[in-house]
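Structural features, examined
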Amino acid sequence: MAGRYNRSTERSGGRRRSAGPNGRIAAFIDRDNTIIEDCPYCKSRDQVRLLKGAAAGIRKLNLNGILAIVLTNQSGIGRGYFTLEQMQEVNDEMRRQLGLEGAAIDAIYFCPHRPEDMCSCRKPATGLIEMARRDFNTTDEFVIGDREEIDGEMARRASLKYGIVGSKTLLDIVDEMLVLYRKDR
Ligand SMILES: [Mg+2]
Ligand SMILES: [Zn+2]
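Predicted model only: the values in this text are computed from it and were never measured.

Re the overall build of the chain
- Counting its secondary structure elements, the chain contains 6 helices and 6 strands.
- Secondary structure elements in the chain, listed N-terminal to C-terminal, are β-β-α-β-α-α-β-α-β-α-β-α.
- In the chain, which comprises 185 residues, the proportion classed as buried is 38%.
- For the chain, contacts bridging at least 24 residues in sequence account for 70% of all contacts bridging at least 6.

In structure tokens, the structure reads:
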């Protein structure tokens, strides 16, 4: 049941693009402790709080035409701590709060498995990246997360640039990435 799910309000979700020069840069962004405050096995909408710089960072991605794609481990589903519907409720509330600040997520991919399931999508494995690549034509990608050994390690396995939030906000990392892309051009 690995998966991706979309809301009809998404701007880019689900549209398959042909490979070619029209692809977009994608930011692969962790959810918990990167966009929203981490609560242990977060499962209801009243627990959803955006972190400082999260909405501003995602809005800046949107304004620069960079895809904002969330990749998140949600083993609480596989462990039976919460249901798929409860995760979606949290995701919907996150999107709602981001929307109030003019920020939109293009797609969310999640791994519902437990570590012992040995799936290929639990980060730091790269299965969620591969799922996103099947749906979006990307020319370049980078990763933003809060865990060096999870998000950073996934980025290294996929040979992608990455930034870790903590002392830096999501907005700080987006700004750094934009500087790199401007230099590249
Ligand atoms: Mg996290
Ligand atoms: Zn998985």
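What to know about the pairing of strand β2 (residues 24-29)
- Where β2 and strand β5 (residues 138-145) come together, 6 bridges link them in parallel fashion. Its bridge partner lying in β5, A26 is registered against E141.
- In terms of handedness, the path from β2 via helix α1 (residues 54-63) over to strand β3 (residues 67-73) forms a crossover that is right-handed.

Description of helix α5 (residues 148-157)
- By the burial criterion, the buried members of α5 are D151, M154 and A155. All buried residues of α5 lie within an arc of 100 degrees about the axis, which places them on one face of the element.
- Looking at the buried side of α5, the elements it contacts are β5 and β6 (161-164).

Remarks on the environment of V174
- Looking at the element boundaries, V174 is found in helix α6 (residues 170-184).
- You can call V174 buried: it has 26 C-beta atoms within 10 Å.
- Those residues in contact with V174 that lie beyond four places of it in its chain are G57, K60 and L61.

Remarks on the environment of L63
- Within the element layout of this structure, L63 appears in helix α1.
- Classification of L63 by C-beta neighbours within 10 Å gives exposed; the count is 10.

A short note on unusual backbone geometry
- The peptide bond linking K123 to P124 adopts the cis configuration, its omega dihedral lying at 20 degrees.
- Structurally, the position occupied by P124 is in the loop between β4 (107-111) and α4 (127-135).
- A positive phi angle, close to 70 degrees, is found at N33, a residue other than glycine.
- Inspection of the secondary structure assignment puts N33 in the loop between β2 and α1.

Cut-offs used in this document
Residues numbered from 1 in each chain as written. Chains lettered and ligands numbered in written order. Predicted model: local features only at pLDDT ≥ 70, side-chain atom pairs only at ≥ 80, totals over all residues. Helix = DSSP H or I, 4+ residues; strand = E, 2+ residues; numbered from the N terminus. Buried ≥ 20, exposed ≤ 12 C-beta atoms within 10 Å, placed from the backbone. Contact = placed C-beta atoms within 7 Å. Pairing = 2+ DSSP bridges. Right-handed = clockwise from strand over helix to strand, strands pointing away. Arc of directions from axis to C-beta.

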